[in-house]
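# Secondary and tertiary structure notes
What follows is each chain in one-letter form.
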Amino acid sequence: MKYMKLGTKPDTFYTEEAVRSVMSDVPADLIIQVNGTKYLLHKFPLLLKCGLIQRLWSNTDNETSQLVSISVHNIPGGEAAFELCAKFCYGISINLSAHNFVPAISAAKFLQMTESVAKGNLITKLELFFEACILQGWKDSIVTLQSMWRQSGWLDEHRIVQPCLNSVIEKILAHPSQVTWSYTYTRPGYPKKHQRKSTPKDWWTEDVSDLDLDLFRSVISTIRSTRKFPAALIGEALHVYACKHLPSPQEIQEQAQSSSAQTDHTPSKHRHVLESIVSMIPAELGSVSGSFLFRLLKVANCVGASPSIKAELVKRSGRQMDEITANDLIIPSSTNPQSHDFSAVEAVLENYLAQFHRREENERMMVSMTKVGKVYDSYLQITARESTLSVSKFIALAEFLPEIARQEHDGLYQAINIYIEEHPELSKEDRKKLCRLIDCHKLSPETRANAIANDHMPLRTIVQLLFVEQERSVRASSSKEAYAIPSWNEIVNARVAQDDAKRSTDEREGGYRQKESVAGARGEKIRVAPSPSPSEAKTAKDREENIGQFGGKHKTK
């Protein structure tokens, strides 16, 4: 960043009893009140350079033997800017840069330090510095632009904002090989500046993200209109800006819980930034990542974005659902941040599946849908731990994914098992309903073995798993595949014994008849055969768990 030094005298300004003054052998004869600060100065250095001070002096009763007091209020840049101009009048050394250029030129114009008042006055020197240094630099233009914008917005009476914007855009559009100026680039894993062999294409995104939203939007809209940049590069700039100016959903929740951490304007400010970013996302598929879209959707829920913005994010997220992870689907509820927004996930999944209705199914789409199915089942495993999630809602979520997307049911089994473990109050009927979702044929051998030994699984499901395993063993016997799977007798009799022990404590009505039935069931021997006869099926059906015929469909009904 470039600097300009004016003046040669040492700084002799000092403070005494809350009054700012300057060391001099000549007594002070001018008091200037600037907002809340009093300055005890000399009239001639200031009158020679400042047209406003001249006019105010002429309007006072200025007897030579008395101190003259004048007030200068509402000066741009405040006391610091006024003191900078005063030091220039005294010839005291001052350093100018992009950081103090805007308050300096604003104060100089306010004090009328023009060429008509004195040759080589401050305004002329500042304008030369602006043209020769600030507009030629990258960060100089960014800093000056932001400083000017915060002070006056689009009220650019000094003609600074537009030249700085033009300078910034011109440098962004330059080929990366022509970038010779310093820039900020702190991507994780990217080489340090002295180790870089070439300039990255998105070198400009971090520095531009420092701009206020309206300036950033102006830069993005201008470079998009040139059609020189791919949509993904514009999307990267939006991603960097969002990361800097939008808090994470967790941070928003923490701010909402802490009244001291936010003002009344905080949610509306975040909402404005979010909606502006969404409106700037290029229409091209893949211009931003699926994870970024889901992050925006989470923030939209937390800040109360408009329904149209949410609908747009749901639509875009659905188009790129095969790029995400299970954690991306964890969207906090807008009404209860401690709960999940299942309706938003269902809406996204519905938009994703709509693509398959509009196009012919091909291999790429099937690969995509299979990937989404695995991610969705991982999402079910996370939500299964939510204590307030009802059985009916969990089943509805599991069934929302079409069967064609589940090439295997290992993930679904894990989700159901977690739900049963986390909800020990479930009735036997509820467990049966859950396990009816599992297609035993779509479980891997390892998962089937785990499920057969799982005490949480209903006996009906265990028997169906055993029958599928028996079929697989017969088919695999020629290739000498073998798994340590317990026999049907061992599993069924063990489970009946477990149920018998539970019933002895909890169910006493009709005990003699029930015990006699159970004892009869336990006394029977179950013969394992590839094709069970109807009589054997009937015998199994009479058991406590009311097992269905073995020869039926092996997906639990």
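Heads up: these notes are all about the structure in this document. (Residues numbered from 1 in each chain as written. Predicted model: local features only at pLDDT ≥ 70, side-chain atom pairs only at ≥ 80, totals over all residues. Heavy atoms only, no water.)

Our next topic: the environment of leucine 47. Of note, leucine 47 is situated in helix α1 (residues 43-49). Residue classification places leucine 47 among the buried positions, given a relative accessible area of 14%. With 71 residues separating them along the chain, leucine 47 and alanine 118 place their C-alpha atoms 9.9 Å apart. (Helix = DSSP H or I, 4+ residues; strand = E, 2+ residues; numbered from the N terminus. Buried < 20%, exposed > 50% of the residue type's maximum accessible area, 1.4 Å probe, protein only.)

Counting 151 residues, the largest nonpolar core has Ile32, Ile53, Leu111, Met113, Trp204 and Val208 as the members making the most contacts within it. With sequence-adjacent residues up to four places away left out, methionine 113 is seen in contact with Lys49, Cys50, Cys85, Phe88, Cys89, Ala108, Asn121, Leu122 and Ile123. (Core = buried A, V, L, I, M, F, W, Y, C linked by side-chain atoms within 4.5 Å. Contact = heavy atoms within 4.5 Å.)

Inspection of the entire model under this criterion finds 15 salt bridges. The salt bridge partner of glutamate 83 is arginine 20, with a shortest N-O separation of 2.5 Å. Here arginine 20 lies in strand β3 (residues 19-22) and glutamate 83 lies in helix α3 (residues 78-90), a separation of 63 residues in the sequence. The class for glutamate 83 is buried, based on a relative accessible area of 12%. One salt bridge in this structure joins arginine 187 and glutamate 236, with 3.3 Å as the shortest N-O distance. In this pair, arginine 187 is assigned in the loop between α7 (161-173) and α8 (205-208) and glutamate 236 in helix α10 (residues 231-245), connecting sequence segments 49 residues apart. Salt bridges sharing common partners tie together Asp11, Arg20, Glu83 and Lys87. (Salt bridge = Lys/Arg side-chain N within 4 Å of Asp/Glu carboxyl O.)

A word on the pairing of strand β5 (residues 37-41). Only one face of β5 is covered, namely the face carrying Thr37, Tyr39 and Leu41; the face carrying Lys38 and Leu40 is uncovered. Pairing analysis gives three bridges linking β3 to β5, with the strands arranged parallel. Its bridge partner lying in β5, arginine 20 is registered against tyrosine 39. The antiparallel hairpin formed by strand β4 (residues 30-34) and β5 contains two residues in its connecting segment, where asparagine 35 sits at a positive phi of about 55°. (Pairing = 2+ DSSP bridges.)

What follows concerns the packing of aromatic side chains. How two aromatic rings sit relative to each other is set out by the distance from centre to centre and by the angle between their planes. Applying the stated rule across the entire model yields 11 aromatic pairs. Judged by centre distance (5.0 Å) and plane angle (65°), the ring pair of tyrosine 39 and phenylalanine 82 falls under edge-to-face. Of the two residues, tyrosine 39 sits in strand β5 while phenylalanine 82 sits in helix α3, which places them 43 residues apart along the sequence. Looking at tyrosine 39, the relative accessible area reads 2%, which means it is buried. Seen from their ring centres, tryptophan 204 and phenylalanine 229 are 6.0 Å apart, and the 15° between their planes marks the pair as stacked. Within this pair, whereas tryptophan 204 is found in the loop between α7 and α8, its partner phenylalanine 229 is found in the loop between α9 (213-225) and α10, the two being separated by 25 residues in sequence. One aromatic cluster is present, built from ring pairs that chain together Trp138, Trp181, Tyr183 and Trp203. Its guanidinium or amino end placed over the ring of phenylalanine 13, lysine 87 lies 5.7 Å from that ring's centre, counting from NZ or CZ. (Phe/Tyr/Trp six-rings, centres within 6.5 Å; stacked < 30°, edge-to-face > 60°. Lys NZ or Arg CZ within 6 Å of the ring centre and 35° of its normal.)

All we've got here are geometric facts, nothing functional implied.
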